[in-house]
Amino acid sequence: MDLLISNLFFSIKRTVLSVLLIIIFTGITFSEGVSLQGTVIDYTNDAVISQAQLKLESTNLSVKKNYETSSDLLGKYKFELLEQGEYKLTVTRLGYKKETVENIIITGTKAVNLNILLTPIDIEIDRINVTATKTELTLKQTPSSISIVTAEEIKNRNPLTFDYILSTVQGVTVFKTSGINVQSLSIRGSSDVAGGGIGNRVLLLLDGRPSLTGDSKGALWSLIPISIIERTEVVKGAFSSLYGSSAIGGVVNVITKKPTYKPFTSVNFNYGFYEKLSTNLRYTDNLVSFKGADIFHSNTYKKVAYLLNFNYKQNDGHAQQTDYEFYSGLTKFMFDVLRNRDLEVTLQFTKSNGAFPHYWRKDPGKVADPYKTSVSYLGDRIKKETLSADVFYTAVPGPNTKYTSRFYYYKLGSLSYYNPNNFVSKQYAPPGEPLETTIKSYNFGNISQIDYQVSGRNYLITGIDMQWNVVRSNPESILYGNQQMNNFAAFIQDQHKIITDKNDNMILSTTAGFRVDYNKYVGMNQFVQVSPKLSLLYTPAATGEIFRNTSFRFLVGRAFRAPSIAELYFKKELFGGFDFIFNPYLKPEEMISAEIGFRKQYDKRFTLDMAAYINEYDNMIQYVNIGGNIYGPFQVQNIAKAQIRGLEFLIDYTSGFKLLNEPLGYSFGFNYSLIDAKDLSGNRINDYLPYKPSHIINFSTDINYFGFSLNIVGKYLSKIDEVLFFKYEEPDEYFIMDMKLSKKLFGKLIIFAAVSNMLNSSYQELERTQAPNRSFNSGFSVEF
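Reading the values: rules and limits
- Residues numbered from 1 in each chain as written.
- Predicted model: local features only at pLDDT ≥ 70, side-chain atom pairs only at ≥ 80, totals over all residues.
- Heavy atoms only, no water.
- Helix = DSSP H or I, 4+ residues; strand = E, 2+ residues; numbered from the N terminus.
- Rg over C-alpha atoms; globule rule 2.2 N^0.38 Å.
- Buried < 20%, exposed > 50% of the residue type's maximum accessible area, 1.4 Å probe, protein only.
- Contact = heavy atoms within 4.5 Å.
- Areas by Shrake-Rupley, 256 points an atom, 1.4 Å probe, with all protein chains shown as cover.
- Lys, Arg positive; Asp, Glu negative; His and termini not counted.
- Charge placed at Lys NZ, Arg CZ, Asp CG, Glu CD.
- Core = buried A, V, L, I, M, F, W, Y, C linked by side-chain atoms within 4.5 Å.
- Pairing = 2+ DSSP bridges.
- Polar contact = N/O pair within 3.5 Å; in protein donor to acceptor, adjacent residues only side chain to side chain.
- Axes fitted to C-alpha atoms, helices over the stretch in contact; angles between N-to-C directions.
- Patch = residues over 30% accessible without salt bridge, like charges linked within 9 Å, V, L, I, M, F, W, Y side chains within 5 Å.
- Salt bridge = Lys/Arg side-chain N within 4 Å of Asp/Glu carboxyl O.
- Phe/Tyr/Trp six-rings, centres within 6.5 Å; stacked < 30°, edge-to-face > 60°.
- pLDDT = per-residue confidence, 0-100.
- 1 Å grid on protein atoms, 1.4 Å probe; cavity = no way out; pocket = protein on both sides within 12 Å on 5 of 7 lines; lining within 4 Å.
- Points joined across faces, edges and corners; volume = space filled by probe spheres on them.
- Nonpolar A, V, L, I, M, F, W, Y, C, P; charged D, E, K, R; others polar.

## What to know about the overall build of the protein chain
Moving on, step 1. Looking only at helices and strands, one finds six helices and 43 strands in the protein chain.
Moving on, step 2. Computed over C-alpha atoms, the radius of gyration of the protein chain comes to 27 Å, within 12% of the 28 Å expected from 2.2 N^0.38 for 784 residues, which places it in the range of a compact globule.
Moving on, step 3. Across its three principal directions, the C-alpha atoms of the protein chain cover 95 × 65 × 50 Å.
Moving on, step 4. Looking at the protein chain residue by residue over its 784 residues, the buried ones come to 56%.
Moving on, step 5. Considering only intrachain contacts with a sequence separation of at least 6, the fraction spanning at least 24 residues in the protein chain is 63%.
Moving on, step 6. Carbon and sulfur atoms make up 58% of the accessible area of the protein chain, which amounts to about 32700 Å² in all.
Moving on, step 7. Charge-centre separation for the protein chain: the mean point of 82 positive side chains lies 3 Å from the mean point of 75 negative side chains.

Written out as structure tokens, the structure reads:
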């Protein structure tokens, strides 16, 4: 195995070097003379800005001359061979206000240095996203439903882990068993709750790199450091036409921060505790606390920009078998290789050691102990380590062409320990001995893409996506043994402006594309899937307030999800101990999806978004109880048909006024999701799909005054109608609220205090799994 991985890694490394050498030294020109150069910088955070468009115009030469260029990955730009004279520079970038600098004097023979500061646009629908079409678009130009959570919004809230950020997004539900163990993250009811990420239908990207485990195709949602996030884009609906199998329900793309052009360091620390439970509920008399620390540093030195991050979290656990300790480190380097050719290298590791979660204790004939587990489970542990490497190359050889290639490696190691009294140890280990299970998964991949501006009306992208998944697990009697799955795909997409106004602003456009995937399970089956997509976007000409900043969208597409290695060979569910009959004959599930939506922003204050969608599944992959009682055994099967349809409504309002001569700003957000999920297969007692709440409501409000910031968020989730393992114990509806108050001091220091689950609601996201009670948290953040 080690020799196989070594040879594969060497082959990939050799291919990377060969490709880069060919690309780097193709079409390069060198020039000398008087030049104007500098760096394009984000005014709000000193981050460098790439792909800004710069136009230089002479203003006093006898023959007018114009020059154009763009900023590179490090935000640098350069105009060469300029004649002496006076010039005007105009800088534009999606998501930023246009900046114009006049009276630039070029004299002598020395280069003129000029840094440009750009201010982000504060209009909601002009926020940038790159996930919906693999190209940069504003929200108004995006032909699909999408939510964006910015770094500023994250800072205003009180997230202990990344999954909390996603849980407040419209249409997203998160099911957790403990602080860092996320059973499932679902968009519009797409994913199943099967443990270990099995049944996941949402693709997690980290700066565009797939970050799913090789065995279950699940994501470690809670293990992404919060401080490195610049924004998170959540794209809803079928996106196999661009991203393949795992994007059948949507895509979450975490965009990390870019290095700053000058030294920047931030330090964050927090400490908190859970409110003591009543005597009959508590599992310990000690104070149950949690803490965290985070260090971030960034800088640019000559042709290299970098950022470094280290993160630590520790939590005693609100209930038995929910404690954990977590470390992570990330480093990103950006190299200005040659003009218009840049290289980005990212390395990351995570390490966690936590209690293995189990259902709460419920002895026969007795009342349940929701914060305790069976004595036979105490001491069970799970350790996880991840290591990832990402090399991303960008080349812009001409004004209409862009080439990118990303090579990545992702390794997950998981070790689970079950104490000798655990029923699993008694069944599979020698008498009196504990049981250990190990999973090692390796992902190798490459995504290469060519962008070509065919004309002013057509923007074409095409590319390839290759991935190798190698899994080694032990013991095979419980897990899935040694398996390998390979995937090769090609995609193409065209964005076409059908109708434009006199200023070439888009009025009616279409985005059409498709992707072909070839999935091969080594020694087993192979499948070919075609995923087409078509969308229309109508943005009426802005003839009045009614149609200004308005867009109508329609999207239809086909998507699929190939069964994961875990679903094919799964034999034992270790969270609750349920037996499974493995099924190596699973087929890919398929889906036809359609959506219609409307997005509108009134002035800079009021944003409205509405959508209706329907997803028709065929051969949907589900857990099925094939035994004679609630304890199974179970099997993963293709059920005949299923349907998920729904409505979404979102409103955001931002305003402000002066109070005692000080500005007071406030904002309010509200969103509602209706989900109607049905199992349409035959021989069903009812038609419910498990773990699909019918109603989801989120709201948030922010008030900023005199350096103080108050944030309150709330969530309502309706009753779950069907569960998998403990029928008739479906979680009830619940409503929770969180609050955070922070104060900015001396310009660089922020202190805060927060309360989670303010109302101390007792609720469950999963059957027999108690969610955290009220907790208090405080800390500080300092920048220098």
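## Some thoughts on the nonpolar core
Moving on, step 1. Judged by nonpolar contacts, the single largest core of 41 residues is most densely connected at Phe 162, Trp 221 and Val 252.
Moving on, step 2. The element that contributes the greatest number of residues to this core is strand E14 (residues 203–206), accounting for four residues.
Moving on, step 3. With residues up to four places along the chain from it excluded, the contact list for Trp 221 reads Phe 162, Asp 163, Leu 166, Val 182, Leu 185, Asn 200, Val 202, Leu 204 and Val 252.
Moving on, step 4. Tyr 359, Ile 439, Tyr 623 and Val 636 belong to the second-largest nonpolar core, a separate cluster that totals 39 residues.

## A few points about the pairing of strand E36 (residues 662–679)
Moving on, step 1. As judged from the 18 bridges shared by strand E35 (residues 632–659) and E36, these two strands associate in the antiparallel manner. Its bridge partner lying in E36, Gln 643 is registered against Lys 678.
Moving on, step 2. Hairpin connection from E35 to E36: two residues lie between these consecutive antiparallel strands, with Leu 660 at a positive phi of about 55°.
Moving on, step 3. Sheet analysis places E36 next to strand E37 (residues 695–705), joined by 11 bridges and oriented antiparallel. Within E37, the position partnered with Asn 671 by the bridge is Asn 698.

## Considering the side chain of Thr 131
Moving on, step 1. Mapped onto the elements, Thr 131 comes out in the loop between strand E9 (128–129) and strand E10 (137–138).
Moving on, step 2. Side chain to side chain, Thr 131 and Glu 233 meet in a polar contact 2.4 Å long.

## Focus: the side chain of Ser 147
Moving on, step 1. Tracing the chain through its elements places Ser 147 in strand E11 (residues 146–150).
Moving on, step 2. Residue classification places Ser 147 among the buried residues on the basis of a relative accessible area of 12%.
Moving on, step 3. At 3.2 Å, the side chain of Ser 147 and the side chain of Lys 236 are in polar contact.
Moving on, step 4. Here Ser 147 is in contact with Val 169, Thr 232, Glu 233, Val 234 and Lys 236, once residues within four sequence places are set aside.

## Focus on the sheet that holds strand E2 (residues 53–58)
Moving on, step 1. The strand order across the open sheet formed by four strands is E3-E2-E5-E6, and the pairing between neighbours is antiparallel. The sheet is open, and its two edges are formed by strand E3 (66–70) and strand E6 (99–106), each paired on a single side. Sheet twist, expressed as the mean angle between neighbouring strand axes with direction ignored, is 20°.

## Comments concerning the environment of Asp 336
Moving on, step 1. Note that Asp 336 resides in strand E21 (residues 324–338).
Moving on, step 2. Taking C-alpha positions, Asp 336 is 7.0 Å from Leu 73, a pair spaced 263 residues apart along the chain.
Moving on, step 3. Residue contacts for Asp 336: discarding those within four places in its chain leaves Asp 72, Leu 74, Lys 76, Lys 303, Arg 341 and Asp 342.

## Points about a nonpolar patch on the surface
Moving on, step 1. A surface patch of nonpolar side chains, about 500 Å² in accessible area, is lined by Phe 269, Tyr 271, Phe 273, Leu 287, Ile 751 and Phe 780.
Moving on, step 2. Among the elements that take part in the nonpolar patch, strand E18 (residues 264–274) stands out by supplying three residues, more than any other.

## Considering unusual backbone geometry
Moving on, step 1. A cis amide bond, omega 0°, links Asn 474 with the succeeding residue Pro 475.
Moving on, step 2. In this fold, Pro 475 is placed in the loop between strand E26 (458–474) and strand E27 (482–500).
Moving on, step 3. Although it is not a glycine, Tyr 691 sits at a positive phi angle of roughly 60°.
Moving on, step 4. Tracing the backbone shows Tyr 691 in the loop between E36 and E37.
Moving on, step 5. Under the relative-accessibility criterion, Tyr 691 is labelled buried at 4%.
Moving on, step 6. Backbone geometry places Phe 746, a non-glycine residue, at a positive phi of 60°.
Moving on, step 7. Locating Phe 746 in the fold gives a position in the loop between strand E39 (734–745) and strand E40 (749–756).

## With respect to the packing of aromatic side chains
Moving on, step 1. Taken as a whole and judged by the stated rule, the model has 28 aromatic pairs.
Moving on, step 2. Centroid distance Trp 468 to Phe 488: 5.7 Å. Interplanar angle 85°. Geometry classified as edge-to-face. Of this pair, Trp 468 sits in strand E26 while Phe 488 sits in strand E27; the two residues are 20 residues apart in sequence, bridging distant segments of the chain.
Moving on, step 3. On the accessibility criterion, Trp 468 (19% relative accessible area) is buried.
Moving on, step 4. Overall, the relative accessible area of 30% leaves Phe 488 in the partly exposed class.
Moving on, step 5. A connected cluster of aromatic rings, assembled from ring pairs, spans Phe 580, Tyr 623, Phe 634 and Phe 725.

## Notes on the environment of Asn 299
Moving on, step 1. Looking at the secondary structure, you find Asn 299 in strand E19 (residues 289–301).
Moving on, step 2. Considered as a pair, Asn 299 and Met 466 are 167 residues apart in the sequence and their alpha carbons are 33 Å apart.
Moving on, step 3. Those residues within four positions of Asn 299 in sequence are excluded, and the remaining contacts are Pro 259, Thr 260, Tyr 261, Lys 262, Pro 263, Val 304, Ala 305 and Tyr 306.

## Observations regarding the pairing of strand E33 (residues 589–602)
Remember that side chains alternate between the two faces of the sheet whenever the strand is regular.
Moving on, step 1. Two elements, strand E30 (residues 550–561) and E33, share 12 bridges in a ladder whose sense is antiparallel. From the neighbouring strand, Leu 555 faces E33, where its bridge partner is Glu 595.
Moving on, step 2. The pairing of E33 with strand E34 (residues 606–629) spans 13 bridges and is classified as antiparallel. Considered in E34, the bridge of Ala 594 is made with Ile 614.

## Points about the confidence of the model for the protein chain
Moving on, step 1. For the protein chain, the average pLDDT comes to 88, and 93% of its residues sit at 70 or higher.
Moving on, step 2. Predicted confidence is poor over residues 1–6, with pLDDT under 50, and the contacts of this stretch with residues over four places away or in other chains come to seven contacts.
Moving on, step 3. In the predicted structure, residues 8–32 sits below a pLDDT of 50 and forms 24 contacts with residues beyond four places in sequence or in another chain.

## Some details on the sheet that holds E11
Moving on, step 1. With mixed pairing, the five strands of this open sheet are ordered in space as E11-E16-E17-E14-E15. With one partner strand each, in any of the chains shown, E11 and strand E15 (209–210) form the two edges of the open sheet.
Moving on, step 2. Note: E14 against strand E17 (residues 250–256), four bridges, orientation parallel. The residue of E17 that forms the bridge with Leu 206 is Val 254.

## Side note on empty space enclosed by the protein
Over the atoms, a rolled probe matching the size of one water molecule traces out where space is still vacant.
Moving on, step 1. Applying the stated criterion to the full structure yields 10 cavities of 30 Å³ or more.
Moving on, step 2. Within this model, the second largest cavity holds a volume of roughly 160 Å³.
Moving on, step 3. Among the secondary structure elements, those contributing two or more residues to the lining of the second largest cavity are E14, strand E22 (341–355) and strand E23 (381–398).
Moving on, step 4. Considering only residue class, the lining of the second largest cavity consists of seven nonpolar, five polar and one charged.

## Here we look at the pattern of salt bridges
Pairing between side chains of opposite charge can happen when the charged atoms of each approach one another.
Moving on, step 1. With the rule as written, the count across this model stands at 32 salt bridges.
Moving on, step 2. One salt bridge connects Arg 561 with Glu 567, and the closest N-O pair in it is separated by 3.1 Å.
Moving on, step 3. Residue Arg 561 is classed as buried on the basis of its relative accessible area of 3%.
Moving on, step 4. Each of the salt bridges in this network shares a partner with another, and the network as a whole consists of Arg 188, Arg 553, Glu 595, Arg 599, Asp 609 and Glu 648.

## Focus: the environment of Asp 738
Moving on, step 1. Take Asp 738: it is sitting in strand E39.
Moving on, step 2. Distance in space between the C-alpha atoms of Asp 738 and Ala 771 is 14 Å, their sequence separation being 33 residues.
Moving on, step 3. Among residues more than four places away in sequence, those in contact with Asp 738 are Tyr 164, Asn 711, Ile 712, Val 713, Val 755, Ser 756, Asn 757 and Met 758.

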